[in-house]
Amino acid sequence: MGSDIMDKCIGSVYLEDGNFKKIDLFKEAALSDVCAVYEVIRVVDGIPLFLGDHLKRFENSALISNVKLWLSSEEIEKYLYELISKNSLKSGNVKLVFNFIVVDGKFTPKNYMFFVIPHLYPSESDYINGVETIVYHGERKNPNAKVQDLGFRQEVEIEIKKAKAFEAILIDRRGFITEGSKSNIFMVKGDRVITAPLDAVLPGTTRSNIMQICRDCKIIVSEEEVHENYIEDLDGLFICGTSPKVLPISKIDSFLFSSATNELIIKIMKCYDNNVRSYLEKS
């Protein structure tokens, strides 16, 4: 997850339906406002990070949305590496989008587009001190699928900018914490790490990585509903995603947290960074 919904194309070329084109031909309007299943992948040292996990989620998003990607995982990987090479991309984010239109009442393939997008990675200071967030009462229409919902994201972004915050924590209609507008959320209470149940959130690749880190390190981790009334009782929180990695939260509205100095959060941050290094070394 990251500032990935804004469909700006950077670099020198993008891919559309198997053809590489100069970015001056790219038009945001070419992206479907009917149904667009997408995935955002972070590139580090020219390598798409945790690619296998992303491709599995991509297929899952399509399945949940009752559509089918018409390229195989092998074809997607081939085109992705070509895009990275043609743009000489060492570090950044790449967005993969399959667009659909409705024909005779059914979703029908329109086009697919792979392109490099602007990214906003946290600063070193953000990791050391934590970031400020706000609460936003709202939920995505289909939380398990990575599907474009421009109206919702734009509404949330307006509130984030107004508050000069880094992220918004979404609260569902029943008052429970679900996820960030562009990230997953983990909470710490004592020696326990808690996150919202999977059926209420996007199954983030970083989220699943962190769940495994906790299990490997014998850290108690559970999926539970946490009501917004209990926010002030938490010992710390962090967001995670493609762009932020593992990022401590220092503030939610008026509530302050020492998340950046919480031992469990520091341990998870270090373990995640080690996983990234290990993946890159093996790729």
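Up top you'll find the structure we're talking about.
Analysis parameters
Residues numbered from 1 in each chain as written. Predicted model: local features only at pLDDT ≥ 70, side-chain atom pairs only at ≥ 80, totals over all residues. Heavy atoms only, no water. Helix = DSSP H or I, 4+ residues; strand = E, 2+ residues; numbered from the N terminus. Rg over C-alpha atoms; globule rule 2.2 N^0.38 Å. Contact = heavy atoms within 4.5 Å. Areas by Shrake-Rupley, 256 points an atom, 1.4 Å probe, with all protein chains shown as cover. Lys, Arg positive; Asp, Glu negative; His and termini not counted. Charge placed at Lys NZ, Arg CZ, Asp CG, Glu CD. Salt bridge = Lys/Arg side-chain N within 4 Å of Asp/Glu carboxyl O. Buried < 20%, exposed > 50% of the residue type's maximum accessible area, 1.4 Å probe, protein only. Patch = residues over 30% accessible without salt bridge, like charges linked within 9 Å, V, L, I, M, F, W, Y side chains within 5 Å. Polar contact = N/O pair within 3.5 Å; in protein donor to acceptor, adjacent residues only side chain to side chain. Phe/Tyr/Trp six-rings, centres within 6.5 Å; stacked < 30°, edge-to-face > 60°. Expected span 1.5 Å × (residues − 1).

Caption draft 1: Spotlight on the overall build of the protein. Of the regular secondary structure elements, the protein holds six helices and 15 strands. Relative to the globule expectation of 19 Å for 283 residues, the C-alpha radius of gyration of the protein, 19 Å, shows essentially globular dimensions. Once the C-alpha set of the protein is aligned to its principal axes, its extents read approximately 50 × 45 × 30 Å. Taking the intrachain contacts of the protein between residues at least 6 apart in sequence as the baseline, contacts between residues at least 24 apart amount to 70%. Only carbon and sulfur atoms are counted for the fraction: they give 51% of the accessible area of the protein, which is about 13,200 Å². For the protein, the centre of its 35 positive side-chain charges and the centre of its 41 negative side-chain charges are spaced 3 Å apart.

Caption draft 2: Fine view of the pattern of salt bridges. Counted under the stated rule, the structure contains 11 salt bridges. Across the salt bridge formed by Glu-82 and Lys-78, the nearest N and O atoms sit 2.9 Å from each other. A residue pair is termed a helical-turn pair when its members lie 3 or 4 positions apart in one helix, as Glu-82 and Lys-78 do in helix α2 (residues 73–86) at four residues. Among the residues examined, Glu-82 registers a relative accessible area of 26% and is labelled partly exposed. Of the charged contacts, one joins Asp-172 and Arg-174 as a salt bridge, the two residues approaching to 3.4 Å between their closest N and O atoms.

Caption draft 3: View of a negative patch on the surface. On the surface, Glu-59, Glu-74, Glu-75 and Glu-77 cluster together into a patch of negative charge. Ranked by residue count, the leading element in the negative patch is α2, at three residues. As for its placement among the helices and strands, Glu-74 is situated in helix α2. Glu-74 sits in the exposed class, given a relative accessible area of 58%.

Caption draft 4: Expanded view of the side chain of Ser-222. Examined against the element boundaries, Ser-222 turns out to sit in strand β12 (residues 220–223). Polar contacts involving the side chain of Ser-222 include one to the side chain of Arg-192, which spans 3.3 Å. Ignoring anything within four residues of it in the chain, the contact list for Ser-222 reads Arg-192, Val-193, Ile-194 and Thr-195.

Caption draft 5: Spatial organisation of the packing of aromatic side chains. Across all of its chains, the model carries 13 aromatic pairs by this definition. Relative to Phe-115, the ring of Phe-26 has its centre 4.8 Å away and its plane inclined at 55°; by these criteria the two rings are tilted. Of this pair, Phe-26 sits in the loop between β2 (19–22) and β3 (35–44) while Phe-115 sits in strand β6 (residues 106–117), and the two are 89 residues apart along the sequence. A relative accessible area of 0% means that Phe-115 is categorised as buried. Put simply, the rings of Phe-58, Trp-70, Tyr-79, Phe-98, Phe-100, Tyr-112 and Phe-114 pair up and form one aromatic cluster.

Caption draft 6: Spatial organisation of helix α5 (residues 205–216). Across its 12 residues, α5 extends 17 Å between first and last C-alpha, which sits within 8% of the 16 Å expected from 1.5 Å per residue. Where α5 is concerned, the buried positions are Thr-205, Thr-206, Arg-207, Asn-209, Ile-210, Met-211, Ile-213 and Cys-214.

Caption draft 7: Just the environment of Glu-132, in detail. You can see Glu-132 is positioned in strand β7 (residues 131–137). Along the backbone, Glu-132 and Asp-235 are 103 residues apart, and their C-alpha atoms lie at a distance of 15 Å. Other than its neighbours up to four places away in sequence, Glu-132 contacts Ala-165, Phe-166, Glu-167, Ser-250 and Lys-251.

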